[in-house]
Amino acid sequence: MTHTHRLDLDDASVREWDATVVGVDPERGIVLDRSAFYPGGGGQPPDEGVLLWGGVRTRITGTIKGDDLYLVPHQDDPVPVVGTAVRGALDDERRTHLMRTHSGLHVLTGVVFRDFGALVTGGNMEPLSARMDFDLAEVPPDFKDRVAEAVNAEIRTDRAITVSTLPREEAFAIPDIIRTATNLLPPDIEVVRIVDIAGLDTQADGGTHVASTALIGRMEVVKIESKGRGFRRLRVRIS
C-alpha cells in the first residue's frame, strides 16, 4: 500500500489535478498524495508531464514503483519539499495516444482470440505504434488482411469500453479473463481490474483506455514476423 491515491485508475480522462508532496527520495523521486501519472506496466509505458508549484515547473520524466509511487523529476529541475502544494499535469497528447493504442491492442487480441484461438505471449507499445506476440502455429495466407479488416470493423462498431473491479475469485470465474499464455497476475492481488469491450473482449488489465472503440482511430497491421515455432509478432500502427 503506497501513500499515493491513483487518480488514473479512477478516471483515465484526468489530465490536471491538485496534490501535496508527501515524500521525497533523492535517488527515486517525488511521492504525491494524489497522482494521475500512469506508472507503466502491462506493456504501456509511464506517463510524462509536469508539477507546477510556487511559480516553478518540475518536469516528470518517468516513475519508479516500489514501496511508494515515485515520480522521477528531470535532472535539471528543482524538487519540491515535503508539504508543498503542487498542480500536476500530464502530457495530454502522449497519454491520449497511449490510451488509443492500448485500447486498440485489446481489440486486436480480442479479434485474434475469437477468430484464430491464439493467446498473447508478449507485447509492447509506444504512442500510436505497438507490437503484439501471439502463440499461433498456423498462419493463413490472408492472415494480415483478415486481422486488419476485422479489427477496423470492430473499431467502427463503436463498442463501449468500461473498467470495473472484482474480487480475485469472481474475476477468475470469467472464461478467458487472462488472455496471455502465462498468467502474469501477481498471486497477492486480491482485487482484479477488468477492462471490457462490450461484446468483444474482457480482460484483466491495469492500463488506461479510451471510452469506446470509435475513439481508437484506424489500425494498420504493418508487418507480421515469425519468431520461431508458433511465435508470431504483429506490428501495428494507429492513425
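Note that the coordinates shown come from a computational prediction; the quantities given were computed from them, not determined experimentally.

> Help me understand the pattern of salt bridges, please; the structure alone is not making it clear to me.
Pairing between side chains of opposite charge can happen when the charged atoms of each approach one another. The tally for this structure, following the rule as stated, stands at 17 salt bridges. When the shortest N-O distance is used, the salt bridge between Arg95 and Asp47 registers 2.8 Å. Remark: Asp47 occurs in the loop between β4 (34–35) and β5 (49–53) and Arg95 occurs in helix α2 (residues 92–116); sequence separation between them is 48 residues. A salt bridge links Asp133 to Arg131, with the shortest nitrogen-to-oxygen separation between them at 2.7 Å. What makes Asp133 buried here is its relative accessible area of 3%. Linked through salt bridges whose partners overlap, the residues forming this network are Arg114, Asp115, Glu154 and Arg159.

> Looking at this structure, I do not really get the domain arrangement of the chain. What am I missing?
For interface size, the figure often reported is the accessible area lost on association. On domain assignment, one finds that the chain holds domain 1 (5–90) and domain 2 (95–238). With centres defined by C-alpha atoms, the gap from domain 1 to domain 2 works out at 28 Å. At the interface, 13 residues of domain 1 touch 14 residues of domain 2. Across the domain 1 to domain 2 interface the summed buried area is about 1,000 Å²; carbon plus sulfur atoms make up 48%. Where domain 1 packs against domain 2, one counts one salt bridge.

Rules used throughout
- Residues numbered from 1 in each chain as written.
- Predicted model: local features only at pLDDT ≥ 70, side-chain atom pairs only at ≥ 80, totals over all residues.
- Heavy atoms only, no water.
- Salt bridge = Lys/Arg side-chain N within 4 Å of Asp/Glu carboxyl O.
- Helix = DSSP H or I, 4+ residues; strand = E, 2+ residues; numbered from the N terminus.
- Buried < 20%, exposed > 50% of the residue type's maximum accessible area, 1.4 Å probe, protein only.
- Domains from an automatic or database assignment.
- Contact = heavy atoms within 4.5 Å.
- Buried area = accessible area lost by both parts, 1.4 Å probe.

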